[in-house]
Amino acid sequence: MGEHNTDGMQPLSLAFVGDAVYSVYVRSHLLVESPHLKPDAIHQAANRMVKASAQAEALDHLRKHVLTEEEWDIARKARNKSSATRAKNASIKDYRNASGLEALIGHLHLKGEKARLDELMHIILKSGRDRDE
């Protein structure tokens, strides 16, 4: 993708891109981990992992363990900008935290920080797998 300056970008615009990037990581992970699954089962598993509550838990886990101050600042700004409306089946808090995670993912993607993005997504996917077990 190359490296882009994200300084002037709106936090929720970063979240828009981050949502798509996050989804690609999750779907790729599911295909590699469970190549025998049928598309419908992959879709259902992916939906569980990308729902707002799962993303909110992921952001909380990252914040406690690995995020830099700059990364948390990016997530926090998007969290605070997120609207008071929410997706169905999600609390406003979870929806806002999910927006924060997505903004961070979008920021790392657009900045071309693939190694850090891979690292965070690995942690997210592992923590999600640990919760399921």
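The structure reproduced in this document is the subject of the present report. These numbers come from a predicted model, not from an experiment.

## Re helix H3 (residues 52-65)
Working step 1: In this model H3 runs 20 Å from its N-terminal to its C-terminal C-alpha over 14 residues, within 8% of the 20 Å that 1.5 Å per residue would give.
Working step 2: Of all the positions in H3, only Ala-52, Ala-54, Gln-55, Ala-56, Ala-58, Leu-59 and Leu-62 are classed as buried.

## Side note on the nonpolar core
Working step 1: Counting 25 residues, the largest nonpolar core has Tyr-22, Val-26, Leu-101 and Met-121 as the members making the most contacts within it.
Working step 2: Put simply, the parts of the chain that give this core at least two residues each are helix H1 (11-33), helix H2 (39-50), H3, helix H4 (69-81), helix H5 (92-111) and helix H6 (114-132).
Working step 3: The dominant element in this core, judged by the number of residues it contributes, is H6, at six residues.
Working step 4: Once you skip the residues sitting within four places of it in the chain, Tyr-22 turns out to touch Met-49, Val-50, Gln-55, Ala-58, Leu-101, Ile-105, Met-121 and Ile-124.
Working step 5: Within the second largest apolar cluster, six residues are counted, among which are Ala-15, Ile-74, Ala-78 and Leu-110.

## What to know about the packing of H4 against H5
Working step 1: In contact at an axis separation of 7 Å, H4 and H5 are set at 130 degrees when each is read in the N-to-C sense. Between H4 and H5, the interaxial angle falls into the category oblique. In the packing of H4 onto H5, the handedness of the crossing is right-handed. Across from Glu-70, Glu-71, Ile-74, Ala-75, Ala-78 and Arg-79 in H4, the residues of H5 making contact are Arg-96, Asn-97, Ser-99, Gly-100, Ala-103, Leu-104, His-107 and Leu-108.

## Some details on the pattern of salt bridges
Between side chains of opposite charge, a pair can form when the charged atoms approach closely.
Working step 1: Under the defined criterion, the tally for this structure stands at six salt bridges.
Working step 2: Here Asp-73 makes a salt bridge to Arg-76, at a shortest N to O gap of 2.2 Å. One end of the pair, Asp-73, and the other, Arg-76, are both in helix H4, three residues apart, so they sit about a helical turn from each other.
Working step 3: Here Arg-116 ties to Glu-119 by a salt bridge, and the two come within 3.0 Å at their closest N and O atoms. Of this pair, Arg-116 and Glu-119 are both found in helix H6, three residues apart, which corresponds to roughly one turn of the helix.

Scoring rules and cut-offs
Residues numbered from 1 in each chain as written. Predicted model: local features only at pLDDT ≥ 70, side-chain atom pairs only at ≥ 80, totals over all residues. Heavy atoms only, no water. Helix = DSSP H or I, 4+ residues; strand = E, 2+ residues; numbered from the N terminus. Expected span 1.5 Å × (residues − 1). Buried < 20%, exposed > 50% of the residue type's maximum accessible area, 1.4 Å probe, protein only. Core = buried A, V, L, I, M, F, W, Y, C linked by side-chain atoms within 4.5 Å. Contact = heavy atoms within 4.5 Å. Axes fitted to C-alpha atoms, helices over the stretch in contact; angles between N-to-C directions. Parallel < 35°, antiparallel > 145°, perpendicular 65-115°, else oblique. Left-handed = near helix turned anticlockwise from the far one by under 90°. Salt bridge = Lys/Arg side-chain N within 4 Å of Asp/Glu carboxyl O.

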